[in-house]
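# Per-entry structural report
Now for the letters of each chain:
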Amino acid sequence: MKGQIYSILLVILFCFNNCTEVSKPVPANIIPKPNKVVLGEGTFILSKSTTISAVKKLEPIVNYFKNYVSEKFDIEINTSDEADIQFQLDTSLQNDEAYNLTINEDKILIKSKTQKGAFYAIQSLLQLMPYATNKSAIAINCISVNDAPRFSYRGMHLDVARHFFSVDFIKKYLDLMAMLKMNTFHWHLTEDQGWRIEIKQYPKLQEIAAFRNETLIGHYSDQPHKFDGKKYGGFYTQEDIKEIVAYASDRQITVIPEIEMPGHSQAAIAAYPELGCTGNQIEVATKWGVFEDIYCPKEITFTFLENVIDEVVNLFPGKYIHIGGDEAPKTRWKNCTHCQQLIKKEGLKDEHELQSYFITRMEKYINSKGKQIIGWDEILEGGLAPNATVMSWRGTNGAVEAAKEHHDVILTPGSHCYFDHYQSDDENEPLAIGGYLPLEKVYNFEPIPSELNNEESKYVLGAQGNVWTEYITTPEQIEYMILPRAAALSEVVWTKKTQKNYKDFVERLVYFNKYLDEKEVNYANHIYYIKGKLINKNGKLFYELTTTTNNTIFYSLTDENMNIEYKSPIEITNSATINAAVFDENQQKLGRMFTESITIHKAVGANISLNVTPHKSYNAGGKQALINGISGNNKRYGDVEWLGFSGDDVEITIQFEKPISIQKINTRFHNGNGQWIYAPQKIAIQFNDEKSMNFNIENYGELLVNFSQKFDEEKVNSLKITIPNYGKIPEGRQGAGYKAWTFIDEIIIE
Ligand code: ACM
Ligand code: ZN
């Protein structure tokens, strides 16, 4: 009997050592890419018998890891002194967020200076584990990782005011941020269309300001405006906020609340009309844009805002409070007796200095509570508050100006960091505000503006992706808009410049997406998309197709068979439509079909010159894009075919190789006024340096404004088109007082 039991025990023991099913190890596809990865030999086996130890300070991080592993893989890890996984403190590390992760066959060693570093080591380790497995043990490749972030501010923003999102979804958002080693959540809590944070001293913020009567349907540019007639709103209780702040803190994420002032405050004024200049009852905004009813800088307003701040600072333990400061039209202040008297009394020059007075006064109060302010770059106008950090969103000039004044800056330029913009030129993309910000453009963003020297660059804290939700109504859509662009941004802010490589990133992303599948994240997948480019070689036109992955492209001209393997640029002799797609080794199509129509017109291949260079963020196709036979996308003014000019009068000269007869000139302008883009009101055309012909632009209300003009046949050697800038944006519009942008598409000459 004794012998029998012994045999059974032996079998069990044998089975434990030999029957444990082990998952296959995962290649090192970590996002964001670490500074240094050295692959070793062999694997570490994580199983029910794995033990773990940590110094006291790192215990919360160990608990996070244990919970994660037990929930996801059903592997319970126990604590032991002689543990297989050891967390140690290493005070010799330079950076608080740095870590070293060493995986040997018999041990995993994690060294960090702080909890943050240990947490990021865990995030890397989790990406070395399978995204899913039903095996009872996990093989992890032996590897050593030395890693630290490039920037200390790695942010994601979320507007919960235009649309409201549940506590559970905010937690999912924070989980996704944590995976990407993002450390700051900028929570945009107050807006014209809704106030979303409970303030106990002001119950009407919950009763009135948190709800709007209805919401605009479709895009703001669709005229006439239509509304859904449904009451919409909600707010986070202070208990919700505490829960989210704690959840974020467990993931080493600081939450920065944004309480907008003096603009974007219509919801608060709807609840307390005495906070505005007119005192009139207004309603919580039901459409998007910039609104004229802003806080009036009176004592009752400052008392209100100070009381709000008192409650806010108690809820958010971080160092910063974001006070907004953007898009505050001065119309009401110009017509308000109190505002005008205050300007005189304080010896201020104008309403911009009054805004600076407003922000500086609030900064003083917030500083007295031991906190620092962040404001959008408009806070530079009329003088920067003494200790403010600037968030540069209208391009990078605000960052340059602030850093030169030795203020900290965070880069969030619309051109590279606005994840509410379209990410592909597919006409079937869900409705978005506009713009075009594909993944590669985010990936190639450089947060340090070239105008800054080394010393000034130190004021650049990092960068942030902004997620405005006018057109983002559901959690699934947020996921679609932020991923994979937030993953690209994570490498912008974490990875050393010398380690970055877009193709390598995309290859890792294919794997990262499997983790997202496991987490049921509705990410966008455009990585199998094709990029096309017309090239002119020795007077001949060719069309080049490229894709980021190593898969093969097949194409066809005019039909949709796509049966020709693409090997080199395709010669184009006539107008043509190219259809192409990426296929895997089993001839399965990956991603969608790419289509490009090329219209060979009389200017294709001619010489073109411009009096000014397009703005660097909207010059992807270069000047040749205006006469390359390819029109820009109907919705994406930021694609490679549109050229954008900021405030300039533009002169375009086209020089033909031999004289041509011109019968018609066609072009079009973008007119996305919400993005400060205005079509010109007139243009002038000159043939061969002769007298110029002036034309008014019609159809002005449309998002795309066409210009089409017939001519009697003429022999023309050169053509000059003069496009005056629209001028200053009128009062009450977004960007009021600034010069408009001009966006020009293909110039088609027939
Ligand atoms: C902003 O996009 N209004 C900061
Ligand atoms: Zn006023």
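Cut-off values and rules
Residues numbered from 1 in each chain as written. Chains lettered and ligands numbered in written order. Predicted model: local features only at pLDDT ≥ 70, side-chain atom pairs only at ≥ 80, totals over all residues. Heavy atoms only, no water. 1 Å grid on protein atoms, 1.4 Å probe; cavity = no way out; pocket = protein on both sides within 12 Å on 5 of 7 lines; lining within 4 Å. Points joined across faces, edges and corners; volume = space filled by probe spheres on them. Nonpolar A, V, L, I, M, F, W, Y, C, P; charged D, E, K, R; others polar. Donors = N, O, S within 2.8 Å, 3.2 Å for Na, K, Ca; no water. Tetrahedral: all angles 85-135°; square planar, octahedral: opposite > 155°, others 65-115°. Helix = DSSP H or I, 4+ residues; strand = E, 2+ residues; numbered from the N terminus. Buried < 20%, exposed > 50% of the residue type's maximum accessible area, 1.4 Å probe, protein only. Phe/Tyr/Trp six-rings, centres within 6.5 Å; stacked < 30°, edge-to-face > 60°. Lys NZ or Arg CZ within 6 Å of the ring centre and 35° of its normal. Salt bridge = Lys/Arg side-chain N within 4 Å of Asp/Glu carboxyl O. Pairing = 2+ DSSP bridges.

The gaps of empty space that remain are located by a probe, the size of a water molecule, rolled over the atoms. Estimated volume of the second largest pocket: approximately 790 Å³. In this structure, the second largest pocket is lined by 36 residues; those nearest its centre are H219, Y220, S221, N673 and G674. Along the lines of polarity and charge, the residues of the lining of the second largest pocket split into 14 nonpolar, 15 polar and 7 charged.

Attention now moves to the coordination of the zinc ion (ligand 2). In the first shell of the zinc ion (ligand 2), the protein supplies C277 (SG), C296 (SG), C336 (SG) and C339 (SG), at 2.2 to 2.4 Å from the metal. For the zinc ion (ligand 2), the 4 donor atoms in the first shell make angles of 102 to 116 degrees at the metal, so the coordination geometry reads as tetrahedral. Spacing between the donor residues of the zinc ion (ligand 2) along the chain follows C-x18-C-x39-C-x2-C. Of this pair, C277 sits in the loop between α7 (266–271) and α8 (299–315) while C296 sits in the loop between α7 and α8, and the two are 19 residues apart along the sequence. With a relative accessible area of 17%, C277 lands in the buried category.

Inspection of every chain in the model, using the stated rule, returns 40 aromatic pairs. Geometrically, the ring pair formed by Y418 and W468 is tilted, given 6.4 Å between the ring centres and 40 degrees between the ring planes. Here Y418, found in the loop between α13 (414–417) and α14 (439–443), pairs with W468, found in the loop between β22 (460–465) and α16 (475–482); they are 50 residues apart in sequence, far enough to count as distant. Across the pair, W468 and Y418 agree in class, each one buried. Between the NZ or CZ atom of R251 and the centre of the ring of Y247, over which it lies, the distance is 3.5 Å.

Turning our attention to unusual backbone geometry. With an omega of -5 degrees, the peptide bond between I31 and P32 qualifies as cis. Inspection of the secondary structure puts P32 in the loop between β1 (22–23) and β2 (36–46). With omega at -10 degrees, the peptide bond leading from Q223 into P224 counts as cis. Relative to the elements of secondary structure, P224 occurs in the loop between β14 (216–217) and β15 (226–227). Located in the positive-phi region is K181, a residue other than glycine, with phi close to 60 degrees. You can see K181 is positioned in the loop between α4 (167–179) and β10 (184–188). One non-glycine residue, Q252, adopts positive backbone phi at about 60 degrees. Within the element layout of this structure, Q252 appears in the loop between α6 (238–250) and β17 (254–261).

Turning to the pattern of salt bridges, a few remarks are in order. Any two side chains of opposite charge can pair if their charged atoms end up close together. The final tally for this structure, using the stated rule, is 31 salt bridges. Between R162 and E191 there is a salt bridge, with the nearest N and O atoms lying 3.4 Å from each other. With R162 in the loop between β9 (153–159) and α4 and E191 in strand β11 (residues 190–191), this pair connects stretches of sequence that are 29 residues apart. The two residues R162 and E191 agree in class, both being buried.

Mapped onto the secondary structure, E544 falls in strand β24 (residues 540–547). Given the relative accessible area of 25%, E544 is considered partly exposed. C-alpha of E544 to C-alpha of K226: the two residues are 318 residues apart in sequence and 43 Å apart in space.

Next up on the list: the pairing of strand β32 (residues 650–661). Working note: regular strand, side chains alternate between the two faces of the sheet. Bridge analysis of strand β30 (residues 607–610) against β32 gives 4 bridges, and the strand direction is antiparallel. Across the sheet, residue N607 finds its bridge partner in β32, namely Q655. Examined bridge by bridge, β32 and strand β37 (residues 715–723) share 8 bridges and lie antiparallel to one another. Across the sheet, I652 pairs through a bridge with I721, a residue of β37.

Strand order in the open sheet formed by 4 strands is β26-β25-β28-β29, with antiparallel pairing between adjacent strands. What marks the edges here is a single partner per strand, and that holds for β26 (564–565) and β29 (589–598).

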